Amino acid sequence: AKAEGRNTYRYYNQSLTAAASERLETETRLRRALELDHLEVFYQPQLDITTGALTGVEALVRWRDPEQGLIPPDRFIPVAEETGLIDRLGQQVLERACLQVAAWDRDGLPALDVAVNLSAHQIGDPRLCAKIRHALERSGLAPRRLVLEITESTLMTQAEGALGTLAGLKGLGVQVAIDDFGTGYSSLAYLKRFAIDWLKVDRCFVQDLPEDRNDAELTQTIVYMAHNLGLRVLAEGVETQAQLDFLTHLGCDGWQGFLCSPPLPPQELVARLESREGL
Ligand code: C2E
Ligand code: CA
Ligand code: CA
Ligand code: CA
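Values in this document were obtained by computation on a predicted structure and should not be read as measured data.

## Looking at the pairing of strand 6 (residues 175-181)
And then number 1: Burial of strand 6 is extensive: six of the seven residues sit out of reach of the surface.
And then number 2: Sheet topology places strand 5 (residues 146-151) next to strand 6; five bridges connect them, and they run parallel. Bridging across to strand 6, Glu-149 finds its partner in Ala-177.
And then number 3: The sheet contact formed by strand 6 and strand 7 (residues 198-201) spans three bridges and is parallel. Bridge pairing in strand 7 places Ile-178 opposite Leu-199.

## A closer look at helix 3 (residues 86-106)
And then number 1: Between its terminal C-alpha atoms helix 3 stretches 30 Å, which fits the 30 Å expected from 21 residues at 1.5 Å a residue.
And then number 2: Positive backbone phi, approximately 90°, marks Gly-108, located one or two places after helix 3.

## Observations regarding the nonpolar core
And then number 1: In this structure, Leu-89, Ile-132, Leu-146 and Leu-169 are the most contacted members of the largest nonpolar core, which totals 76 residues.
And then number 2: Among the elements that line this core, the one with the most residues is helix 3, at eight residues.
And then number 3: Each residue touching Ile-132, except ones within four places of it in the same chain, is listed here: Leu-94, Leu-146, Leu-148, Leu-169, Leu-172 and Val-174.
And then number 4: One finds Ala-115, Val-147, Ala-177 and Leu-234 within the second-largest nonpolar core, a separate group that totals five residues.

## Side note on the confidence of the model for the protein chain
And then number 1: Of the residues in the protein chain, 94% have a pLDDT of 70 or more, and the chain-wide mean is 92.
And then number 2: At the level of chain-chain contacts, confidence expressed as ipTM amounts to 0.98, with global pTM at 0.93.

## Quick look at the pattern of salt bridges
And then number 1: All told, the structure shown has 13 salt bridges when counted by the stated rule.
And then number 2: Each of Glu-58, Glu-149, Lys-200 and Glu-236 takes part in salt bridges that share partners, so that together they form one network.

## Notes on the coordination of the calcium ion (ligand 3)
And then number 1: Taken together, Asp-179 (OD), Asp-180 (OD), Glu-236 (OE) and Glu-236 (OE) make up the full set of protein donors to the calcium ion (ligand 3), lying 2.2 to 2.6 Å away.
And then number 2: Note on Asp-179: relative accessible area 6%, which makes it buried.
And then number 3: You can call Glu-236 buried: its relative accessible area is 11%.

## Some remarks on the environment of Ala-177
And then number 1: Following the sequence through the fold, Ala-177 ends up in strand 6.
And then number 2: Ala-177 sits in the buried class, given a relative accessible area of 1%.
And then number 3: When the C-alpha positions of Ala-177 and Val-233 are compared, they lie 9.1 Å apart, and in sequence the two are 56 residues distant.

## Quick look at the packing of aromatic side chains
And then number 1: With the rule as written, the count across this model stands at two aromatic pairs.
And then number 2: Here Tyr-43 and Trp-104 contribute two aromatic rings whose centre-to-centre distance is 5.4 Å and whose plane-to-plane angle is 70°, an arrangement assigned as edge-to-face. With Tyr-43 in strand 1 (residues 39-48) and Trp-104 in helix 3, this residue pair connects regions lying 61 residues apart in the sequence.
And then number 3: A relative accessible area of 1% places Tyr-43 in the buried class.
And then number 4: Between Trp-63 and Phe-76, the aromatic rings sit 5.5 Å apart at their centres with planes inclined by 85°, giving edge-to-face as the arrangement. Highlighted residues: Trp-63 in strand 2 (residues 54-65) and Phe-76 in the loop between strand 3 (69-71) and helix 2 (77-83), separated in sequence by 13 residues.
And then number 5: Judged by relative accessible area, Trp-63 falls into the buried class, the value being 2%.

## Side note on the layout of surface pockets
And then number 1: What the largest pocket holds in volume is close to 1,100 Å³.
And then number 2: If you go around the largest pocket, you meet 39 residues; those closest to its centre are Glu-58, Leu-60, Asp-74, Asn-117 and Asp-179.
And then number 3: In terms of residue count, strand 2 provides more of the lining of the largest pocket than any other element does, five residues in total.
And then number 4: A per-class count over the lining of the largest pocket returns 16 nonpolar, twelve polar and eleven charged.
And then number 5: Lining the second largest pocket we find 17 residues, and of these Gln-46, Thr-55, Asp-113, Trp-198 and Leu-234 sit closest to its centre.
And then number 6: Ranked by the residues each element gives to the lining of the second largest pocket, the list is headed by strand 1, at three residues.
And then number 7: The class makeup of the residues in the lining of the second largest pocket is six nonpolar, five polar and six charged.

Conventions used here
Residues numbered from 1 in each chain as written. Chains lettered and ligands numbered in written order. Predicted model: local features only at pLDDT ≥ 70, side-chain atom pairs only at ≥ 80, totals over all residues. Heavy atoms only, no water. Buried < 20%, exposed > 50% of the residue type's maximum accessible area, 1.4 Å probe, protein only. Helix = DSSP H or I, 4+ residues; strand = E, 2+ residues; numbered from the N terminus. Pairing = 2+ DSSP bridges. Expected span 1.5 Å × (residues − 1). Core = buried A, V, L, I, M, F, W, Y, C linked by side-chain atoms within 4.5 Å. Contact = heavy atoms within 4.5 Å. pLDDT = per-residue confidence, 0-100. Salt bridge = Lys/Arg side-chain N within 4 Å of Asp/Glu carboxyl O. Donors = N, O, S within 2.8 Å, 3.2 Å for Na, K, Ca; no water. Phe/Tyr/Trp six-rings, centres within 6.5 Å; stacked < 30°, edge-to-face > 60°. 1 Å grid on protein atoms, 1.4 Å probe; cavity = no way out; pocket = protein on both sides within 12 Å on 5 of 7 lines; lining within 4 Å. Points joined across faces, edges and corners; volume = space filled by probe spheres on them. Nonpolar A, V, L, I, M, F, W, Y, C, P; charged D, E, K, R; others polar.

Right under this line is the structure:
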C-alpha cells in the first residue's frame, strides 16, 4: 500500500508539472500571437425579439494559429486572465470592434451596437475607463453604441471595485450588460446598486426551454423582475424556433444564438446581410 501511495503521489506531481508547463507554453505562444497580430474578432448577431431586426453584434475573440488553425477562446482566455495578458488582448478586441462598427456605418450598413466582453482583470484596472474612452475617440463611435458585457460572477467577486468602475462607465455614456446571468446567485435587488442596462440570460436556462418547467419559471421571473427594475433582457444560446417562440411569449427584449447565426468573421457577416436571404 505504501508503494502504491508513493506512485500515486508521483503521478499527481507529474501531471501538475505537465499542466503547469502547458500553461507556460500557452502563455508564451499567446504573447507572440498578440505581437504578430494573430487574434481575430468574430461577430454574432443580436436581434430585437419582436421585430426580428438586427440591432447589434457581440464581439468574440478567435486565435488564428498558423499551425493549429482557429483556436476557440475557452482554450486561451483563462491563461490570459491568470497572466494578465487579458489587458492587452481585451484592449485589442475593444479597439478593433469599435473601428469595425464605425467602418460599417461608413459603408452604409444599419447602425449596429457592439458588445465587448470585459474580464475580471480588466474591471480591476484603474485605467479601464480611460482606455475605453480612447477606443471610442479613435473610432468616432458614439458611446451609446458600445455595450460592455461583465459576467455576473465577476460582478459578485469584484463587487466593491466594480461599483466604482461601473459608475465610471456610466459617466462615459456606454451601456452595460450582465453576462451569464442566473448562474451566480446574485439577487436582482442587489444588482440595483449597479448602473446596468441589460441582463443576458445564460444559455443553460435557455437550452431546455420550453419543456423544462424550472427553467421556464426561472426565465419568466428574471424577465419580470428585470423589467420592474428598468432593465432589458437578452436571451443567449437560442438554437430552436420553439425556444425563440417561448422567449418571445415571456417578453424578452433581445436574443442571439445559432438559430440566427454563429459568430462570423466580419466579411462573412456583411455577405450574409447583403445576400437575398438576409440573416
Ligand atoms: P460568452 O461571452 O458567454 O459568449 C457566448 C458564447 O456562446 C460564444 O462562445 C458563442 O459562440 C456561443 N454561442 C452563441 N450562440 C450559441 C448557441 O446558440 N449555442 C451554443 N451552444 N453556443 C452559442 P465563444 O465565442 O467560444 O466564447 C466563449 C467565451 O469566451 C465567451 O462566452 C466569453 O466568456 C469568452 N470570450 C470570448 N471573447 C472574449 C473577449 O474578447 N474577451 C473576454 N474577456 N472573453 C471573451
Ligand atoms: Ca458575452
Ligand atoms: Ca454569456
Ligand atoms: Ca436545465
